[in-house]
Amino acid sequence: MKFSSKNILALFVVILQACTIDSNISERDYPVIKSLGIKDLNESGVNIDFMIIQNTSSTIESYGVQYRAIEKEGSANISIPEYFFYEEITGKPQGNPLSIRLQYDLIPGLTYFARPFVRSGSQMIFGESFNFSSLGVKGPEITSVSESKLFRYHSLTIEGNYFSRKPENNILDFGGLEAYFNFRIMEATPTKLVVEAVRNSSLISSSGQEFDLKISVNGKTAILKEAFEIGIPNILTVSPTQLSVGENITIELSYLIEMESTWYLIDANNIDYRIPTTINESNKVVGEIPNMPPGKYKLAFRIQNYSEINYEKEIIVNDNWVSSHENIPRIVEGYYSNFSTGNDILTYNYGTYFDIHVFNLAGNSMSKLADFPDDGRGRAFYALSYMPKDNKLYFGLGNQNDFPNPPINYSDFYRLDLVSKNWEQLPNFIEGPNAVKFSFEYDGKLTFVFYNRSNFYFFNSALKIWEDSGIQVPIEIKNATNILSNDGTIFFPEINSNVLKLFSVKIGQSPKLLGEFSGFYDQGYLWSIISFGNSIFLAKGNKNIFEYNLADERIKPVQGISAIFREEAKFYKDDNNLYLGFRDYAYYDDQFRLFKFVR
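Thresholds applied
- Sequence order sets the numbering: in each chain, residues are counted from 1 along the sequence as written.
- pLDDT decides what is reported in this predicted model: residues at 70 or higher carry local features, side-chain atom pairs at 80 or more are listed and counted, and totals for whole chains, interfaces and linings draw on all residues regardless.
- To get the side-chain values, all heavy atoms of the structure are used, and hydrogens and water are removed first.
- Only DSSP runs of H or I reaching four residues or more are called helices, and only runs of E reaching two or more are called strands; each is numbered from the N terminus.
- Only protein chains enter the accessibility calculation, which uses a 1.4 Å probe; a residue is then buried when its area is under 20% of its type maximum, exposed when over 50%, and partly exposed in between.
- Residues count as neighbours in contact if any of their non-hydrogen atoms are within 4.5 Å of one another.
- To measure how exposed things are, a 1.4 Å probe is used in the Shrake-Rupley method; for residues, cover is taken only from the protein chains shown.
- The rule for pairing is simple: two strands pair if DSSP sees at least two bridges between them.
- Whenever Lys or Arg places a side-chain nitrogen within 4 Å of a carboxyl oxygen from Asp or Glu, that contact is recorded as a salt bridge.
- Two aromatic rings from Phe, Tyr or Trp, using only the six-membered ring of Trp, form a pair when their centres are within 6.5 Å; if the ring planes differ by under 30 degrees the pair is stacked, by over 60 it is edge-to-face, and anything between is tilted.
- Working rule: Lys NZ or Arg CZ, within 6 Å of ring centre, within 35 degrees of ring normal, means a charge sits over the ring.

Attention now goes to the overall build of the protein. Tallying secondary structure elements over the protein gives two helices and 50 strands in all. Of all 599 residues assigned to the protein, the portion counted as buried reaches 48%. A separation of at least 24 residues holds for 54% of the contacts in the protein among residues at least 6 apart in sequence. Surface summary for the protein: the accessible area is close to 29,000 Å², and the carbon and sulfur share equals 46%.

Laid out in structure tokens, this is it:
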């Protein structure tokens, strides 16, 4: 048997008209709807009129019109669409008859099926249906977008009117932004579109360009001019523009960067130095100048898949080291060690000549001070310490340097008056011969850490007596390579996997971690440590130099010295200046060369 399309359409309408309620309920407990017809069919939509002719005790929760297309465009065949559209009003009707205008999702030239309804509890009651040929609806309107600057990922809300509830019916054109972002409609209502925008891998080479938004629905189009721009902030101000390594630079941006960025200072040879940064305020970035040579630099930041953004003015990094003593008189060929004694540098040889000289920093002159005591020359692991309070040099203990069999150990102890240049023999160590790990002044007493003794020992220089403190030396100090005693506190560094950690400890207490600094190359294990001003300075060679400020309790880098390359260096100081010296071997041309630290 053959059926025409008209027969099928008539049968479909009859079936829908017969389905006036979606539940098996009696006539007395639901409202009855009378369909009145359609009117005002035009290019902006159509009105569906109906009335409720039987009220009941049941509560009407909402009412409206259900509709959908029943014919594909360009075809006479009946098509059951994917879903119904609804124009629905919440609440009980306030008048009768009722008129609902269908003003969304009507495609011109298609035939639509529509019928009024009310909701009452779980029931949905329908009136008779109508068919009409659509003339379309109004074109889309765009009133606003939730975000105008696009960075990496966004959920954009586009507000307006006359959008389609079917996402695929909304054709979006972002004016060229598609080259840099992937867009996808996540939610569609007649007055709102929610669009996902995800940055792709294309390189953006410039900022400031604005992009129009165009939305087309069923052949009608709306445009929002200059709706978007790509979010590349500009550098507004930089302060200061001249500064030193370890100091902070504050960068004000035109707006906040919502994605990870990397900041650099770039020299004339296009060598860049990365600046670690943090967000200080909504549009400000604070960075710390890393260890880098002095000079003029270009400030720039980089964002993935964006071209480099530069600051128009140059940044000047100061030179924090000046050569202060280059022609220090040579003594003899051989190994000499040095340490500060007030405003002088004491330099000594203990292995060949057993002599002590003093270099005056102010007068730039070298003079012999004395020889070491004759007894037990050539010993190792001995004590040699300067006590500022009495301006004397203390020496003694240790064992034979060439390790005879049986070994010779020493318990003798001396001090040298730097003014009279005379040695004085002091009482021997109370525990007999011992090898010394560290000797230093602590709270006015000369303090000792021994290799084979567990406690701290003191020598009272005024009373000339030895004392066992009864306090055990922490294992961290036993394992340290260098320590500093300053104002009743012992400081010592620990280097592990290129992480510098600085500890402090008071005798009788446990060590405390003060701070750490990572991301540098450790050229060895012997670090120099000194106190100067309100800071503790540490250095290993000419590159790895750090400062710990006792006030702000922070480790920060100090500029390395690019004029020289040495793996070993040592700090010296006088009343007014801090120096870094290179190097202790006399056969280097620049032996005992000093650089002065300047802010």
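The next point concerns the pairing of strand β8 (residues 130-133). Only one face of β8 is buried, namely the one carrying F130 and F132, since none of N131 and S133 on the opposite face is buried. Taken together, the four bridges between strand β6 (residues 111-120) and β8 define a ladder with antiparallel strand orientation. Paired with A114 across the two strands is F130, which belongs to β8.

Before going further, it helps to examine the environment of F595. Locating F595 in the fold gives a position in strand β50 (residues 593-597). Placed 269 residues apart in sequence, F595 and E326 show a C-alpha to C-alpha distance of 8.5 Å. Apart from residues lying up to four places away in sequence, F595 is in contact with W321, V322, S323, S324, I561, A563, I564, L578, Y579, L580 and F582.

What follows covers the pattern of salt bridges. What the rule picks out here adds up to 19 salt bridges. Here E168 ties to K166 by a salt bridge, and the two come within 4.0 Å at their closest N and O atoms. A salt bridge links E424 to K464, with the shortest nitrogen-to-oxygen separation between them at 2.5 Å. Linking E424 in strand β35 (residues 423-426) with K464 in the loop between β38 (455-460) and β39 (465-472), this pair joins segments that are 40 residues apart in sequence. Given the relative accessible area of 26%, E424 is considered partly exposed. Given the relative accessible area of 33%, K464 is considered partly exposed. Residues joined by salt bridges that share partners form a network here, namely E87, D105 and R165.

Let us now look at unusual backbone geometry. Look at the link from N96 to P97: it is a cis peptide, with omega at 0 degrees. With respect to the helices and strands, the residue P97 is situated in the loop between β4 (85-90) and β5 (98-102). Cis rather than trans, the peptide bond between S239 and P240 has omega equal to -10 degrees. For P240, the location among the structural elements is in the loop between β17 (235-239) and β18 (242-243). We note that K421 has phi near 65 degrees; this positive angle belongs to a residue other than glycine. A relative accessible area of 41% places K421 in the partly exposed class.

Below, the discussion takes up the pairing of strand β29 (residues 355-360). Where burial is concerned, most of β29 is hidden: five out of the six residues are buried. Relative to β29, strand β28 (residues 344-349) runs antiparallel, the two sharing six bridges. When the bridges of β29 are listed, I345 appears paired with F359. Where β28 hands over to β29, the hairpin turn is made up of five residues, of which F354 adopts a positive phi near 55 degrees.

The next subject is the packing of aromatic side chains. What the rule picks out here adds up to 40 aromatic pairs. With 5.3 Å between their ring centres and 80 degrees between their planes, F381 and Y451 make a pair best called edge-to-face. You can see F381 sitting in the loop between β31 (379-380) and β32 (383-387) and its partner Y451 sitting in the loop between β37 (445-450) and β38, a full 70 residues away along the chain. Looking at F381, the relative accessible area reads 36%, which means it is partly exposed. Given the relative accessible area of 45%, Y451 is considered partly exposed. Connected via pairs of aromatic rings, a cluster forms that spans Y394, F413, F429, F448, F450, Y457, F459 and W466. Taking NZ or CZ as reference, R302 lies 4.1 Å from the ring centre of Y264, over its face.

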